[in-house]
Amino acid sequence: MSDTFAPTPPAAPPRLLRERVAGGHGKVTNIELFFDLVFVYGVTQLSHTLLHDLSLPGAVQVLLLFLALWWVWIFTGWVTNWLDPDRIAVRALMLALTFAGLLLSVALPEAFEARGVLFAAAYVSMQVGRSAFMVWALRFGGTAAQRRNFTRILLWLAVTGACWLTGAWQDGATRFLWWIVALGIEYLGPAAYFYVPGLGRSTTADWNVEGGHFAERCSLFVIIALGESLVVTGSSFAASHAIGEAAPAFIAAFLGCVAMWWIYFDLGAERGSRAIRHAADPGRTARLAYTYLHLPIVAGIIVSAVGDELSLSHPHARGDMASVAVLIGGPMLYLLGNALFKSAVNGLHFPLSHLVGLVLLAFLVAPAFLLSVFWIAALTTAVLLVVAVWETQSLRALRQELAGEEAH
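As the structure is a computational prediction, the values presented were derived from the model and not from experiment.

Caption draft 1: Inspection of the overall build of the protein at higher detail. Within the protein one finds 15 helices and 0 strands. For the protein, the C-alpha radius of gyration of 23 Å lies close to 22 Å, the compact-globule estimate for 408 residues. In terms of principal-axis extent, the alpha carbons of the protein reach across some 95 × 60 × 45 Å. Total accessible area on the protein is roughly 18,300 Å²; 69% of this is exposed by carbon and sulfur atoms.

Caption draft 2: The arrangement of helix 12 (residues 321–346) in detail. End to end, helix 12 covers 36 Å across 26 residues, agreeing with the expected 38 Å (1.5 Å per residue, within 8%). At G329, helix 12 shows its largest kink, close to 30°, and the proline P331 lies no more than four residues downstream. Within two residues after helix 12, G347 carries a phi angle of roughly 65°, on the positive side.

Caption draft 3: Local environment of the pattern of salt bridges. All told, the structure shown has 8 salt bridges when counted by the stated rule. Two residues, R87 and D84, come together in a salt bridge whose shortest N-O distance is 3.6 Å. A residue is classified by how much of its surface remains accessible, and R87, at 38% relative accessible area, is partly exposed. The partner of E270 in a salt bridge is R274, and the shortest N-O contact between them spans 3.0 Å. Here R274 and E270 lie together in helix 9 (residues 268–277), a separation of 4 residues that amounts to about one turn. Residue E270 is classed as partly exposed on the basis of its relative accessible area, which comes to 29%. You can call R274 buried: its relative accessible area is 18%. Overlapping salt bridges, with partners in common, bring together R18, E32, D36 and R217 in one network.

Caption draft 4: Region of interest: the packing of helix 1 (residues 30–52) against helix 7 (residues 211–239). Running from amino to carboxyl end, helix 1 crosses helix 7 at an angle of 45°, the nearest separation of the two axes being 9 Å. Taken together, helix 1 and helix 7 sit at an angle that is classed as oblique. Considering how the two elements wind past one another, helix 1 and helix 7 form a crossing that is right-handed. Two secondary-structure elements touch here, helix 1 through E32, L33, F35, D36, F39, V40, V43, T44, S47 and H48 and helix 7 through H213, R217, L220, F221, I224, A225, E228 and V232.

Caption draft 5: Representation of unusual backbone geometry in the model. Not every positive phi belongs to a glycine, and Y193 is a case in point at roughly 55°. By the element assignment, Y193 lies in the loop between helix 6 (172–191) and helix 7. Since its relative accessible area comes to 12%, Y193 is described here as buried.

Caption draft 6: Seen up close, the nonpolar core. Residues W70, L83, F119 and W164 are the most contacted members of the largest nonpolar core, which totals 111 residues. Ignoring sequence-local partners within four residues, the contact set of L83 consists of L16, L17, R18, V90, L93, F133, M134 and A137. Listed in part, the 6 residues of the second largest apolar core include A246, A249, L312 and F374.

Caption draft 7: Examining the environment of T76 more closely. Looking at the element boundaries, T76 is found in helix 2 (residues 56–82). By relative accessible area, T76 is classed as buried at 1%. Remark: the alpha-carbon pair of T76 and M94, spanning 18 residues in sequence, is separated by 8.9 Å. The residues contacting T76, other than those within four sequence positions of it, are F35, M94, L97 and R130.

Caption draft 8: Structural detail: the packing of aromatic side chains. Under the defined criterion, the tally for this structure stands at 33 aromatic pairs. Measuring from ring centre to ring centre gives 5.2 Å for W70 and F221, while their planes differ by 85°; the resulting arrangement is edge-to-face. In this pair, W70 is assigned in helix 2 and F221 in helix 7, connecting sequence segments 151 residues apart. A residue is classified by how much of its surface remains accessible, and F221, at 1% relative accessible area, is buried. Ring geometry for Y193 versus W207: centroids 5.8 Å apart, planes at 15°, classification stacked. On the criterion of sequence distance, the pair formed by Y193 in the loop between helix 6 and helix 7 and W207 in the loop between helix 6 and helix 7 is long-range, its members being 14 residues apart. With respect to class, Y193 is no different from W207; both count as buried. Just above the ring of Y193 sits the side chain of R201; from NZ or CZ to the centre is 4.4 Å.

Caption draft 9: Expanded view of the packing of helix 7 against helix 8 (residues 243–265). Relative to each other, helix 7 and helix 8 sit at 175°, their axes nearing to 9 Å. In this view, helix 7 runs roughly antiparallel relative to helix 8, as classed from their interaxial angle. Every residue of helix 8 that contacts helix 7 at C218, S219, V222, I223, L226, S229, L230, T233, G234 and F237 is listed here: I243, A246, A247, F250, A253, F254, C257, M260, W261, Y264 and F265. In terms of residue class, the contact of helix 7 with helix 8 is built from 17 nonpolar, 4 polar and no charged.

Caption draft 10: Inspection of helix 2 at higher detail. The end-to-end C-alpha separation of helix 2 is 40 Å, in line with the 39 Å expected for 27 residues at 1.5 Å each. Most of helix 2 sits out of view: 21 of its 27 residues are buried. Two or three places before G58, at the opening of helix 2, S55 has a side-chain oxygen 3.2 Å from that residue's backbone nitrogen.

Rules of the game
Residues numbered from 1 in each chain as written. Predicted model: local features only at pLDDT ≥ 70, side-chain atom pairs only at ≥ 80, totals over all residues. Heavy atoms only, no water. Helix = DSSP H or I, 4+ residues; strand = E, 2+ residues; numbered from the N terminus. Rg over C-alpha atoms; globule rule 2.2 N^0.38 Å. Areas by Shrake-Rupley, 256 points an atom, 1.4 Å probe, with all protein chains shown as cover. Expected span 1.5 Å × (residues − 1). Bend = angle between axes of the 7 residues up to and from the residue. Salt bridge = Lys/Arg side-chain N within 4 Å of Asp/Glu carboxyl O. Buried < 20%, exposed > 50% of the residue type's maximum accessible area, 1.4 Å probe, protein only. Axes fitted to C-alpha atoms, helices over the stretch in contact; angles between N-to-C directions. Parallel < 35°, antiparallel > 145°, perpendicular 65-115°, else oblique. Left-handed = near helix turned anticlockwise from the far one by under 90°. Contact = heavy atoms within 4.5 Å. Core = buried A, V, L, I, M, F, W, Y, C linked by side-chain atoms within 4.5 Å. Phe/Tyr/Trp six-rings, centres within 6.5 Å; stacked < 30°, edge-to-face > 60°. Lys NZ or Arg CZ within 6 Å of the ring centre and 35° of its normal. Nonpolar A, V, L, I, M, F, W, Y, C, P; charged D, E, K, R; others polar. Polar contact = N/O pair within 3.5 Å; in protein donor to acceptor, adjacent residues only side chain to side chain.

Structural data, given as structure tokens:
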């Protein structure tokens, strides 16, 4: 027997990136869905914050917070498109992001007051920490171009992180200005390809996402927002002291939510998924159609949820500036976002059904000040139902074609 022993081979470096299969569709994992649960709470916090302060300054503040909430979620969606959530290190990252996201959501209603530091610290830790993890993970896989890409992103987010934290230690308008600057830089980043002097800029080829997974993640966020709308509707109806009086508003709110679901999910979501899966440059499609153009879709659902709560709690109140803006503005945002999204992914003109819906909503603005809150809500729901039915009928041939493809 020999007294010598073969040396132990070095451990293989951890591979933290997803294995991609040509033509495959990466599944959305349970840890990603667990992470999303925090944003159910975050969206609820935003709608309640807007409801409690239906003023122009309050709406502007909620808009800034919504843009931040969406940005931290969509950037995580980009990263989990590359990372493999079944790896322990990636799961640890997702759980840490979930905890930070919970703190961020807790801070939302008082982000411009006593909890500004908590909000900014949670937000910056998510943006910078996740990007730093990605730079580290790419040491064990990926390409040099991907490593440079995430190094640029990390540098951009480090700069904006300093702005977020500086603003958190200020008060009033000064805090708001610092945060506007930070958010503006972050939203400019993808459009500017994260240009960094000395490192150049990224390309959409560096953002080569797995299209089916990315489309499904964004569709799930739309479901989160619609789910929050249903929760608001059910809670407001349950809290009503006159169930009989609130019943018509409850039905109108539910039908409005159904129409919103139909407009996005009947064919729009599937056509978008097919378009990005077969795109020559999926990174470009993901940036425009999903990262930017889903903003008005989700914002419209959140604003509409506030309108539903108004119609359930004060159905007989006369329409004023705030209630009209919410009840009509929410559906308008939603239709506009869907129309732009569908135009971007399908390469078609602005959908006629959506254009007519937007015109009908615009015509409601003047008479809305003479109507009760309930009737404004009922009429906007009717417009959404008209759009949903119109689009369904106009795309019957396409639906049959897609069904035939699936059968084969």
